Amino acid sequence: MQHLISKTRNGFVILAISLLCTACVSGPDEKQPEAIEAANNALSSGVINYSKNKHELAITYFRNALRDFRSIDHQYGIASSCLNLSKTHLSIGNIEVADAYLKQAQHIIEQENIKQLSDHLRIIKSSIAIENNLLIQAKKILEPLLQKDNSNAFTLAAIQNRTRIAHAESSDNKSDAAQWTNTFEQKIKSSSGSQIHQARLARFKANLSDDNEIQNKYLSEALNIYRAQANRPGIAATLQEWSVALIKQNQTETAKDKLQRALYIRQSLQDRKNSLAILNSLAEISSDGMTRAWTEKLQSKHFKEWDEFVAAFNQFPE
């Protein structure tokens with residue numbers, strides 16, 4: 001997965017938050033004071049681990065960076081750390097935590113007038129709005145980025161999120177989704193988008209089609225890319241989308257298999273929101289009492305029984 005890393009004037013690094021791509025960490029140009037260098041190293045280590053899809057470890061490093069930056073009241077570093085924490089939690093479905101870190105970052109960015117981080121902020125903010133189904137709000141957040149006439153990573157990220165919105169709104173009419181999908185594809189070509197962008201494009205194309213073979217072709221393409229990148233959220237999302245298509249085709253057993261595989265990944269990420277979505281999909285095609293019981297448990301914000309949850313749905317011998 002390729003993540004654009006921006007180097008600030010003080011040498012700090014931050015994920016370019018577009019649900020993007022590979023990490024290339026920039027070091028400071030000049031020798032920094034020891035406290036700043038330690039904080040920056042933690043931030044860099046977080047970026048490296050995020051790029052390797054080691055989300056839990058990335059969170060640990062970003063938290064360390066946040067602690068170190070706060071200890072020297074470095075507002076730019078604090079905002080950068082909060083944005084990275086928000087992006088990482090968003091990637092694994094911790095929407096409420098992602099939103100909490102985003103609000104901290106936004107407060108600092110606005111208070112300190114840190115314009116260099118405003119595009120990062122908009123992309124994450126729009127992504128959280130999409131996850132919360134606040135689609136009109138997400139459109140407004142993205143407007144300034146979509147109006148810019150450039151080909152940087154944030155423009156591509158904005159178009160990707162705008163395409164997500166169009167697909168979310170496409171239940172009756174897919175023409176807008178098709179138009180934004182084409183715009184996204186052209187922007188990938190003109191800006192040398194990554195393999196992860198290609199995977200997302202394939203998922204969009206699968207959603208546009210009503211032909212089973214075409215759907216299978218594009219979803220298989222996306223799945224292969226995500227597997228090659230060890231991108232757990234991408235793999236799980238593709239399996240979930242594929243199961244929706246299979247349910248419509250009345251291929252319930254195949255759909256159930258993909259949902260169970262996706263569920264294990266979401267469990268390993270401790271992704272409560274998407275685990276619930278999978279359980280709801282399983283409930284559509286089976287009357288399993290265990291599924292209903294765990295659905296009720298996961299609805300609690302204080303749910304912590306992840307090991308028991310994994311064991312309950314484990315299909316493999318111990």
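For the structure itself, look to the data block above.
Rules behind the numbers
- Residue indices begin from 1 for each chain and proceed along its sequence in written order.
- For a predicted model such as this one, the threshold for reporting local features is a pLDDT of at least 70, and the threshold for listing and counting side-chain atom pairs is 80 or more; totals across whole chains, interfaces and linings nevertheless cover every residue.
- Computation of side-chain values covers all heavy atoms of the structure but excludes hydrogens and water.
- Helix and strand definitions follow DSSP, with helices as H or I runs of at least four residues and strands as E runs of at least two, each counted in order from the N terminus.
- Whether a residue is buried, partly exposed or exposed follows from its accessible area with a 1.4 Å probe, protein chains only, as a fraction of its type maximum: under 20%, in between, or over 50%, in that order.
- Only heavy atoms matter for contacts: two residues are in contact if any of them lie within 4.5 Å across the pair.
- In this description, accessible areas are obtained by the Shrake-Rupley approach with a 1.4 Å probe, and a residue is regarded as covered only by the protein chains that are shown.
- As used in this record, nonpolar core signifies buried Ala, Val, Leu, Ile, Met, Phe, Trp, Tyr and Cys residues forming a set joined through side-chain atoms within 4.5 Å.
- These domain limits were set by an automatic method or by a database of domain assignments.
- Pairing of aromatic rings covers Phe, Tyr and Trp, the last through its six-membered ring, and needs centres within 6.5 Å; plane angles under 30 degrees mean stacked, over 60 mean edge-to-face, and all others mean tilted.
- In this analysis the charged atom, NZ for Lys or CZ for Arg, is taken to sit over a ring once it is within 6 Å of the ring centre and within 35 degrees of the ring normal.

Enquirer: Go over the overall build of the protein chain, please, and point to the residues and values.
Expert: Along the backbone of the protein chain there are 15 helices and two strands. Within the span of the protein chain, comprising 318 residues, buried residues form 50% of the whole. In the protein chain, 55% of the contacts between residues at least 6 apart in sequence involve partners at least 24 apart. Accessible area of the protein chain: about 15200 Å², with a carbon and sulfur share of 46%.

Enquirer: Which residues make up the nonpolar core, and what values do they have?
Expert: Counting 63 residues, the largest nonpolar core has Leu83, Ile109, Leu279 and Phe309 as its most contacted members. Looking at this core, you find at least three residues from each of domain 1 (50–132) and domain 3 (228–318). Ignoring any residue separated from it by four or fewer positions in sequence, one finds Leu279 in contact with Leu263, Thr291, Trp294, Thr295, Leu298, Phe309 and Phe313. Ala138, Ile141, Leu145 and Phe154 belong to the second-largest nonpolar core, a separate cluster that totals twelve residues.

Enquirer: Just give me the short version of the environment of Leu269, but keep the residues and values in it.
Expert: Within the fold, Leu269 resides in the loop between helix 12 (252–268) and helix 13 (272–285). Between the C-alpha atoms of Leu269 and Lys54, which are 215 residues apart in sequence, the distance is 9.9 Å. Residues within four places of Leu269 in sequence aside, it is in contact with His55, Glu56, Ile92, Arg232 and Pro233.

Enquirer: Could you give an account of the packing of aromatic side chains, naming the residues involved and the relevant values?
Expert: Evaluated as defined, the whole model comprises seven aromatic pairs. A ring pair is formed by Trp306 and Phe309, whose centres lie 5.9 Å apart and whose planes are at 50 degrees; its orientation type is tilted. Taken together, the positions of Trp306 and Phe309, both in helix 15 (residues 306–313) and three residues apart, correspond to about one turn of that helix. We classify Trp306 as buried; its relative accessible area is 8%. Judged by its relative accessible area of 0%, Phe309 is buried. Taken together, the ring pairs in this structure connect Trp294, Phe303, Trp306, Phe309 and Phe313 into an aromatic cluster. Taking the ring centre of Tyr218 as reference, the NZ or CZ of Lys217 above it sits at 4.1 Å.

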